[in-house]
Amino acid sequence: MPLTRKVDLYALFLLIPGSVLSQIDHAALNTLVNRARETHSSALVVYHDDKLILDECFDKTCEPIDAMSATKSIVSLGIGLLITEGILSSIDERVFNFYPEWNQGLKKEITIRHLLNHTSGIQSLRYASEIYQSPDYVQLALAADIDTEPGTTFFYNNKAVNLLAGIIEKASGMRMDHYISEKIFKPLEIENFIWLTDAFVYSFRSGYDSAYLKKGNPIGMAGLLIHASDMAKIGLLVFHRGNWQGKQIIAESWIDECMKPGQNFNATYGLLWWLIYDPTTSYITFDGQDIQKLRDLRLNDTLIHDLESVSGRYRDSEAFWKTVEALTSVKAMGGRTALREALFKRSFFEDIYTFVTQHSRIVGVAARGSLGQLMNVFPDKKLVVVRTIRQGNSKSPADNFTDFDRLSYEVVK
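Reference entry: report on the structure contained in this document.

About the criteria used
- Residues numbered from 1 in each chain as written.
- Predicted model: local features only at pLDDT ≥ 70, side-chain atom pairs only at ≥ 80, totals over all residues.
- Heavy atoms only, no water.
- Helix = DSSP H or I, 4+ residues; strand = E, 2+ residues; numbered from the N terminus.
- Rg over C-alpha atoms; globule rule 2.2 N^0.38 Å.
- Buried < 20%, exposed > 50% of the residue type's maximum accessible area, 1.4 Å probe, protein only.
- Contact = heavy atoms within 4.5 Å.
- Areas by Shrake-Rupley, 256 points an atom, 1.4 Å probe, with all protein chains shown as cover.
- Lys, Arg positive; Asp, Glu negative; His and termini not counted.
- Charge placed at Lys NZ, Arg CZ, Asp CG, Glu CD.
- Expected span 1.5 Å × (residues − 1).
- Core = buried A, V, L, I, M, F, W, Y, C linked by side-chain atoms within 4.5 Å.
- Pairing = 2+ DSSP bridges.
- Axes fitted to C-alpha atoms, helices over the stretch in contact; angles between N-to-C directions.

Let's shift gears to the overall build of the protein. Looking only at helices and strands, the protein has 18 helices and 14 strands in total. Since a compact globule built from 413 residues should have a radius of gyration of about 22 Å, the 21 Å found for the protein is in line with a globular shape. Principal-axis analysis of the C-alpha atoms gives the protein an extent of 60 × 55 × 45 Å. Counting over 413 residues, the protein shows a buried share of 55%. Residue pairs in contact within the protein that sit at least 24 positions apart in sequence constitute 69% of those at least 6 positions apart. Accessible area of the protein: about 18,000 Å², with a carbon and sulfur share of 49%. Positive and negative side-chain charges of the protein, numbering 44 and 49 respectively, have mean locations separated by a distance of 2 Å.

Structure below.
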C-alpha cells in the first residue's frame, strides 16, 4: 500500500484485514492520536503486522524533519552493516586501529563498543553547543581529553558518537551517509532525505550554502532530515531483525545485540538504541534516596521541602513531571526545564527519579531525539510507531511526549 500524507482513517480501516484490525485497541489509538495533536506533533505513523494503520500529518506540509538524536540509532545500523559485510570483525576492535594517533594512554583502550554504549570516557559537555561551533566533529572527538577510564562510566556522549562517522568511512571506503544510503536506504526506497554535515552547519555565516553538504563529515549525533513514514520503514527493518522483503540487509545477531543493555550502568540503553520495558510492570519511584542526592547538591531548602512532598510511585515520567511542575517552588523557577538546568550547572546529569525495571522485561527498542523525535519498535506486538515534531511546533517541555512509550504500546491489545 503506498504511503499517504493525510489519511481518512475510516477509508484506511476498510483496506486493513479484519484479523489485523481486531488486534488494534481503537480507544488506545484515538488516545495516542489525540495526545499527538495536544503535543503539537508534526506527524504520526503506525504499522501493525506490516500493515499501515495510520500515517497522519498534522502540519500543512510534510517535509523531512531532523531526527535529532534518533539519528544515532541509524548510525548504529551502519556499524551493524559493517559487521554483517565482514568489513569489521568486532565492535571490540580498538579505535586506534583506524586512528593510530590514539595508540597512547587511555585512548588506546577505547573500543567501538565504548562509543556505541556511551562509556568511552571522552570529555564532552552535556549540551552540543561546543560541537556545533567546530568545523570538524571527527577531529574534535579525536582531540578530546579522557575524563574517565573507558568502560567504567555511562555518560550520554554526543562528541564520541560523531567519531563513528569517521570509522565507518575509513572501514567502508565510503562517507557514512553514502554508505548507509546505498546499503540500507536504497533497498527500503528511502530517497527524500538530507544528512547534514559538520561543514554545512559551520557554514551558517554564508547562509547555509547547500554545497557544503558535499563537504566535511556527516553528523553522527543528529542531523538526518527524514520523513516520519521513512523512519517507520527503518522501524520495520528492525522489527524483521534486519531482513527486508526476503533480503538479510543487517545480521539478526546485530539487531539482537542492540535490544539488550549495552553496558552495566544504564539498563535502559543498548547500542545507540533505547530499551523499552513493559509499561505495565515498570514504574518510577521518587523517594528518600533520590531526594538525598538532590540535597547533596545544596539546592535551596524550600525546593527540597516541596520535592519531598511528592515522593512516591508514578506510572511514567510524564506523570511524575506533571506533579513536580505543579509545585510552587518549581513554578517559580520556570518549570522542569529550569530545574534540570539548575541540576546541570551542578554537574548532575541523571534523572532525579528512579526507573524500576526489576520485575519487568524489555518489550521494544526506541530511537529518540530532542523535542520528541520518537520511533518505537515492539517485536512481540508486531508494532512500529513513529512521531516527529518540527522545532517551531514545540511549545513546552510537555511537547516532548514523554508518555509516548506507554500510549504507543497500548495500541495493540
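Continuing now.
With that settled, consider the side chain of Arg406. Along the chain, Arg406 falls in helix α18 (residues 404-409). The contact partners of Arg406, leaving out residues within four places of it in the chain, are Pro279, Arg315 and Asp316.

An ideal rise of 1.5 Å per residue puts 20 Å on 14 residues; helix α4 (residues 71-84) measures up with 20 Å between its terminal C-alpha atoms. Taken across its 14 residues, α4 has twelve buried, putting it largely inside the fold. Along α4, the positions that sit buried rather than exposed are Thr71, Lys72, Ser73, Ile74, Val75, Ser76, Leu77, Gly78, Ile79, Gly80, Leu81 and Leu82. Positive backbone phi, approximately 75 degrees, marks Gly86, located one or two places after α4.

Ranked by size, the top nonpolar core spans 96 residues in total, and within it Ile79, Leu163, Leu164, Phe185 and Ile234 carry the most contacts. Here this core takes eight residues from helix α11 (residues 228-239), the largest share from any one element. Those residues in contact with Ile79, other than ones at most four positions away along the chain, are Leu88, Ile91, Ile112, Leu116, Leu164, Ile168 and Trp254. Grouped together as the second largest cluster of nonpolar side chains are 21 residues, Phe286, Ile291, Leu294 and Leu339 included.

Read across the sheet, three strands follow the order β10-β9-β11 without closing on themselves; strand pairing throughout is antiparallel. Each edge of the open sheet carries a strand with a single partner, namely β10 (312-314) and β11 (354-356). Taking each pair of neighbouring strands and ignoring which way they run, the sheet shows an average axis angle of 30 degrees. Direction of pairing for strand β9 (residues 283-286) relative to β10: antiparallel, over a ladder of three bridges. Across the sheet, the residue bridging to Ile284 is Tyr314, located in β10.

What follows concerns the pairing of strand β1 (residues 43-48). Remark: a regular strand shows side chains that alternate across the two faces of the sheet. Counted residue by residue, β1 has six buried out of six residues, so it is predominantly covered. The two faces of β1 match: Ala43, Val45 and Tyr47 on one face and Leu44, Val46 and His48 on the other face are all buried. The pairing of β1 with strand β2 (residues 51-57) spans six bridges and is antiparallel. Of the residues in β2, the one forming a bridge with Val45 is Asp55.

What the six strands build is an open sheet, ordered β2-β1-β14-β13-β12-β8; its pairing is antiparallel. Since the sheet does not close on itself, it has two edges, and those belong to β2 and β8 (274-277), each with one partner. Across the sheet, the mean angle separating the axes of adjacent strands is 15 degrees when strand polarity is ignored. Sheet strands in contact with helix α3 (residues 26-38) are β1, β2 and β14 (383-388), and its direction is about 160 degrees off that of β1. Packed onto the sheet, α11 meets β1, β2, β12 (362-369), β13 (373-378) and β14 and runs at close to 150 degrees relative to β14.

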